[in-house]
Amino acid sequence: MLGNGIAKVFIDGEAGTTGLQIRQRLAGEHGVVVLPIEAAKRKDPATRQSLMAAADVVILCLPDDAALEAVALADDLGPNSPRIIDASTAHRTADGWVYGFAELEPQQAHAARIAEADRVSNPGCYATGAIALIAPLTASSWFAPEFPFTINAVSGYTGGGNQMIAAHEQGNAPVFELYGLSLAHKHLPEIMMHAGLTRPPLFVPSVGHFAQGMLVSIPIQMAFLASPPPLEDLDELFRAYYADAPKVSYHPIGSDPATRAGRLTVDPSVGTDGMDIWLFGNAAGDQAVLVARLDNLGKGAAGAAVQNLKLMLGH
């Protein structure tokens, strides 16, 4: 670190959507200096490795293959190797990496693991919402790890990369589309691992013609449970699980006037780095739906990376 406890951070891939968002968030962050790289040398291994050697933490905002190569560059530094946060998919289920969803366990137990880690994998945006909804359920006695969960999700187009962003901003994209209909989305392995599942959930993602924001919903037919709990018990489960979570807000049943009309929009999540969770159910109590709302570029990407960085730096 520099004098006065200032940490040096190198963003490898700072020109991409996530990298730009992280840099913007760190611009006014006390105690952090972002090491610059010349535009012409962003893909030069020697330049990047020298910046890695000078950094306390490296944040990778790269495609999967490039992220693997970047970690190899860092590992070659031996004792001078920096701590790493990887925003790609490459290490989200890898041994030796701590999954960067700080609220994965109650009472900030997982946040403590991130704080001590040398290698942290940033979660996917959809996975953040899905795991936040499923992990408390599988940690309870009501839901077995093989329960057949269904995940429905819609995201703003900024989560789809430069080509999708350009298509939407130029008016050449549909208003709404389902995708991933091969039912083999790249987020499935991390959802299964970190939500404690042994059966792949049925995951149907979609994109709307809006830039940012995300809704993830999980419907539950309570009759498929061996011992279905009352909705009030599920409500208390989530209330307790996220009681100490600074970035996740659970709204107990009936407590949020904004949802009493039975509607939710993505709009309030835009520009935020947190996540809101609700539980809804019918009058009979035999059907329920869990909903997570977050910004796909906030808690779903750059916001989570900065949250993990602060944990690792003790900020």
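Parameters and conventions
- Numbers given to residues run from 1 along each chain, matching the order in which its sequence is written.
- With the structure being a predicted model, the display of local features is reserved for residues of pLDDT at least 70 and the display and counting of side-chain atom pairs for 80 or more, all residues being used for whole-chain, interface and lining totals.
- Calculation of side-chain values draws on the structure's entire complement of heavy atoms; hydrogens and water are dropped beforehand.
- Here a strand pair is declared whenever DSSP counts at least two bridges between the two strands.
- Helix and strand definitions follow DSSP, with helices as H or I runs of at least four residues and strands as E runs of at least two, each counted in order from the N terminus.
- Fitting a line to C-alpha atoms yields each axis, with helices limited to the stretch in contact; the angle taken between N-to-C directions then spans 0 to 180 degrees.
- If an angle is under 35 degrees, it is roughly parallel; if it is over 145, roughly antiparallel; if it lies from 65 to 115, roughly perpendicular; otherwise it is oblique.
- In what follows, residue pairs with any heavy atoms lying within 4.5 Å of each other are defined as contacts.
- We call Asp, Glu, Lys and Arg charged. Ala, Val, Leu, Ile, Met, Phe, Trp, Tyr, Cys and Pro are nonpolar, and the rest, Gly among them, are polar.
- Patches in this entry comprise residues that are over 30% relatively accessible and not in a salt bridge; like charges within 9 Å are linked, as are nonpolar side chains (Val, Leu, Ile, Met, Phe, Trp, Tyr) within 5 Å.
- Computed with a 1.4 Å probe, the accessible areas rest on the Shrake-Rupley method; for each residue, only the protein chains presented here act as cover.
- A pair is scored as a salt bridge if a Lys or Arg side-chain nitrogen falls within 4 Å of a carboxyl oxygen belonging to Asp or Glu.
- The rule is simple: take the accessible area with a 1.4 Å probe, protein chains only, and divide by the maximum for that residue type; under 20% is buried, over 50% is exposed, in between is partly exposed.

S.K.: Explain the sheet that holds strand 8 (residues 176-178) residue by residue, including any values.
M.R.: Read from one edge of the open sheet, 7 strands run 8-9-7-10-13-12-11, paired in mixed fashion. Each edge of the sheet is formed by a strand with only one pairing partner; in this case those strands are strand 8 and strand 11 (248-251). The sheet shows a mean angle of 20° between the axes of neighbouring strands, taken without regard to direction. Where strand 11 lies against strand 12 (residues 275-281), 4 bridges are found, and the strand directions are parallel. In the strand pairing of strand 12, V248 is matched with M275.

S.K.: Describe the packing of helix 4 (residues 109-116) against helix 9 (residues 298-313), listing the residues and the values that go with them.
M.R.: To describe two helices that pack against each other, one gives the angle between their axes and the distance between the axes. Across the interface, helix 4 lies against helix 9 with an axial gap of 7 Å and an inter-helix angle of 70°. Classified by the angle their axes make, helix 4 and helix 9 are roughly perpendicular. Here A111, I114 and A115 of helix 4 lie close against helix 9, whose contacting residues are N308, L311 and M312. Here the residues of the contact of helix 4 with helix 9 sort into 5 nonpolar, 1 polar and no charged.

S.K.: Give me a nonpolar patch on the surface: which residues, what numbers.
M.R.: A grouping of V175, F176, L178 and L181 is seen on the molecular surface, where their side chains present a nonpolar patch of about 430 Å² in accessible area. Mapped onto the secondary structure, L178 falls in strand 8.

S.K.: Go over the environment of S206, please, and point to the residues and values.
M.R.: Tracing the backbone shows S206 in strand 9 (residues 202-208). By relative accessible area, which is 2% here, S206 ends up buried. Distance from S206 to A127, taken between C-alpha atoms, is 14 Å for residues 79 residues apart in sequence. Among residues more than four places away in sequence, those in contact with S206 are Y126, A153, V154, S155, F176, E177, L178 and Y179.

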